[in-house]
Amino acid sequence: MKLWGGRFTENTAPEVEEFTSSIGFDRRLYREDIAGSIAHATMLAEQGIISPTDAKAIREGLTAILQEIEAGKFSFSVALEDIHMNLESALTERIGEAGKRLHTARSRNDQVALDMHLYMRRAIVAVGEDMLYLLTALRDVAQEHAAVIMPGYTHLQRAQPILLAHHLLAYFAMLARDFRRLAGCWVGADMMPLGAGALAGTSYPTKPERVAELLQFGSLYGNSMDAVSDRDYLLEFQAMASITMMHLSRLSEEIILWASSEYRFIELSDAFCTGSSIMPQKKNPDVSELVRGKTGRVYGHFIALATVLKGLPLAYNKDLQEDKEGVFDTVDTLRFSLRVYADMLRSMRVHSERMRAVLEDDFSNATDLADYLAKKGLPFREAHAVVGRAVQYCVQHDCVLHDLDLATLQRFSPLFAEDILAVLAIENVVAVRSAHGGTAPVQVERQLQAAAELLSAYKEEQATRTARVAQAEFVLTK
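(A) A look at the nonpolar core. Met120, Leu134, Leu135, Leu215, Phe237, Ile255 and Leu345 are the most contacted members of the largest nonpolar core, which totals 123 residues. No other element matches helix H7 (residues 108–144), which puts 17 residues into this core. The residues touching Leu215, leaving out its near neighbours within four places in the chain, are Ala35, Gly36, Ala39, Leu114, Leu118, Arg121, Ala472 and Val475. With 23 residues, the next largest nonpolar core counts Ala383, Val391, Tyr393 and Phe416 among its residues.

(B) Layout of the pattern of salt bridges. Following the criterion strictly, the structure yields 31 salt bridges and no others. Taking the shortest distance from any N to any O, the salt bridge between Arg101 and Asp54 comes out at 3.1 Å. Here Asp54 lies in helix H4 (residues 52–70) and Arg101 lies in the loop between helix H6 (97–100) and H7, a separation of 47 residues in the sequence. Looking at Asp54, the relative accessible area reads 13%, which means it is buried. In this structure, the salt-bridge partner of Asp178 is Arg181, at a minimum N-O distance of 2.9 Å. One end of the pair, Asp178, and the other, Arg181, are both in helix H8 (residues 164–189), three residues apart, so they sit about a helical turn from each other. We classify Asp178 as buried; its relative accessible area is 0%. Because the salt bridges share partners, they merge into one network encompassing Glu267, Asp270, Lys283 and Arg349.

(C) Just the side chain of Asn284, in detail. The residue Asn284 is located in the loop between strand S5 (266–267) and helix H12 (286–310) in this model. Among the polar contacts listed, one links the side chain of Asn284 to the side chain of Lys282, at a separation of 3.2 Å.

(D) Here's a closer look at unusual backbone geometry. Cis geometry marks the peptide bond from Leu314 to Ala315, where omega comes out at 10°. Relative to the assigned elements, Ala315 resides in the loop between H12 and helix H13 (324–347). Positioned with a positive phi, Leu156 is a non-glycine residue whose angle comes to about 60°. Judged by its relative accessible area of 52%, Leu156 is exposed. Even without being glycine, Asp398 reaches a positive phi, approximately 55°. Inspection of the secondary structure assignment puts Asp398 in the loop between helix H16 (380–396) and helix H17 (406–410).

(E) Layout of empty space enclosed by the protein. Going through the model one piece at a time under the given rule, you end up with three cavities of 30 Å³ or more. A volume near 100 Å³ is recorded for the largest cavity. Surrounding the largest cavity, Arg31, Glu32, Ala35, Leu118, Arg121, Arg122, Leu215, Val469, Ala472 and Glu473 form its lining. Breaking the lining of the largest cavity down by element, the ones donating at least two residues are helix H3 (30–46), H7 and helix H20 (441–473).

What counts and how
- Residue numbers here run from 1 along each chain, matching the order of that chain's written sequence.
- In keeping with the predicted nature of the model, local features appear solely for residues at pLDDT of at least 70, side-chain atom pairs appear and are counted solely at 80 or more, and the whole-chain, interface and lining totals rest on all residues.
- Water and hydrogen atoms play no part in the side-chain values, which are based on all heavy atoms of the structure.
- Only buried residues count toward a nonpolar core, which is a set of Ala, Val, Leu, Ile, Met, Phe, Trp, Tyr and Cys residues joined through side-chain atoms within 4.5 Å.
- Exposure is judged per residue with a 1.4 Å probe applied to protein chains only, and the accessible area is read against the type maximum: over 50% gives exposed, under 20% gives buried, and values in between give partly exposed.
- Helical segments are the DSSP runs of H or I of at least four residues, strand segments are the runs of E of at least two, and each set is numbered from the N terminus.
- Contact criterion: two residues are considered in contact whenever any of their non-hydrogen atoms come within 4.5 Å of each other.
- Counted as salt bridges are all cases of a side-chain nitrogen of Lys or Arg within 4 Å of a carboxyl oxygen of Asp or Glu.
- Here a polar contact is taken to be a pair of N or O atoms separated by no more than 3.5 Å, where protein atoms must pair a possible hydrogen donor with a possible acceptor and residues adjacent in sequence count only if both atoms sit in side chains.
- Throughout, the protein atoms alone are placed on a 1 Å grid, and a set of points is a cavity if a 1.4 Å probe fits but cannot get out or a pocket if it is open with protein on both sides within 12 Å along at least five of seven lines; lining residues have an atom within 4 Å of a point.
- Grid points are joined across faces, edges and corners, and a volume is the space filled by probe spheres set on the points.

What follows is the structure, encoded as C-alpha cells:
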C-alpha cells in the first residue's frame, strides 16, 4: 500500500510506477531529507504537536538509517517513488507508530522544497570552493609568467603584443564575476519553505522559525504558495553556471589553439590529454574539448527548467519533479570543469620563445607607429594611412616594420626620426600601455595585487557560508 493510497482501489500500473518514480536520482538528497525531518520532528515536539518520546525515536531511527545509507546497506525501492517515501517507510518499519507521526504538519511539497534548498546551499558552497581553486590558479600562473609577452588577437588575427599574465587575468576577472553571481544564488537558496504544507499552510501551531534556526536558514518564505512552487533559486544557479561554463568554453578554445602545432604557444601535460587510436603522433586536448562541449549541456538544463516552469499554474505540480536531474548534472559538470582547469593550467608548459618569435615576424607594433606620428602632430587618420602604406610595402618586400631603416620609413613620412626604432621594440610596445587596465607591466602588477585582495575578500565570504552549512549539518549528529 502506498503511503498516500487510502482513497485508491487499484494498484499503480507498473509502467506508471516506473515513469513517476524519482528515487533513481533524488536518492542523493538523503542527507538533506533526514536533516529536514529531524529538525521538523524537533520543532513538533517543542510545540507539543508530538511527544518528546516520539521525537527521540524519530531522531534515533533516522540517524540509524543515515548510517545504513552511508554504509551502502540501505535498499531503495522504486515502488516507494522518492527519497521521502523511502525514508519514511523505513523509519516506520523500524520504530512503529512514532514514524507515522513524522509527516504531521507538512506535505511532500514543502518537504521536497526544503530538501532542494538545503542541497543548493551545500552545492553553492562546494562550487564556491572550486571557483576559488581556479581563481587562485589563474592568479598564480599569471604571476609565474608575469614577464612573458605574447600576441594579442582580434578576429583571430594578430593585433598587439600583450603580457600572458594580462590575458590570464582577463579570465580571472570573468570568473570573479561568476563568484559574485554565485554569492547572489545563495540569497535565493537560503530561504526556508517548510511550514507551507501542500500550498495553504497548516492548521497546527507550528514554528517554522525554529526549523529555520536549526537548519541555519537566513529567512522564511512569506507566502506558502510561493514557498512550494518557487524554483527561481535553481534557475538563478543554472544561469550562473551557464555563464561560468561559457567563460570556461572560451578559455578552452584558446587553450586548444595555443596547444596546436600551428601555434605551439603552450604544451599541456600528458595527464590532461589523450591519444589517437590510429595516429601514434597525436596528443589531443580532450579536457578542453569536453569542457567546451559540456557547455551546451549546461545551457540545455537551464532552458529545460525554464520551459518546465513557464506554463505552470500555482502551486505544486508533478512537472516540478523535473527540476532535479538537470540541476544535479549542472553541479557535477561545473565542479569538474572548474577543478580540472585549475590543475591543467598549473601543469602546462609555456613556450615564451615561440611567442616572442611570432611577434618578431608580424605587424603587432603598427599601431605604435601610427601613435608616434599622431604625437608628432599628424592627425591620427592620416597617420593610420601612412602606416598602412608602410605595411603594404613590407608585405610586398617580405619584411616587417622593424626591418625598415630610418631612410625607408622617412619615405612614408618625414616625421620619423631616430627614436622610432626604440618605439617599435616589442618590450616598449607593451610597456607604454600603462593606462588603467592596460597590459604594461606596471598595470599588470596592479591587477595581480587587486586579484590577491579580491581573493582574500572572497575567501572570507566563502568561510561564512561554509560555516552556515556546517552548522546545519550539526542537526544530523547532535
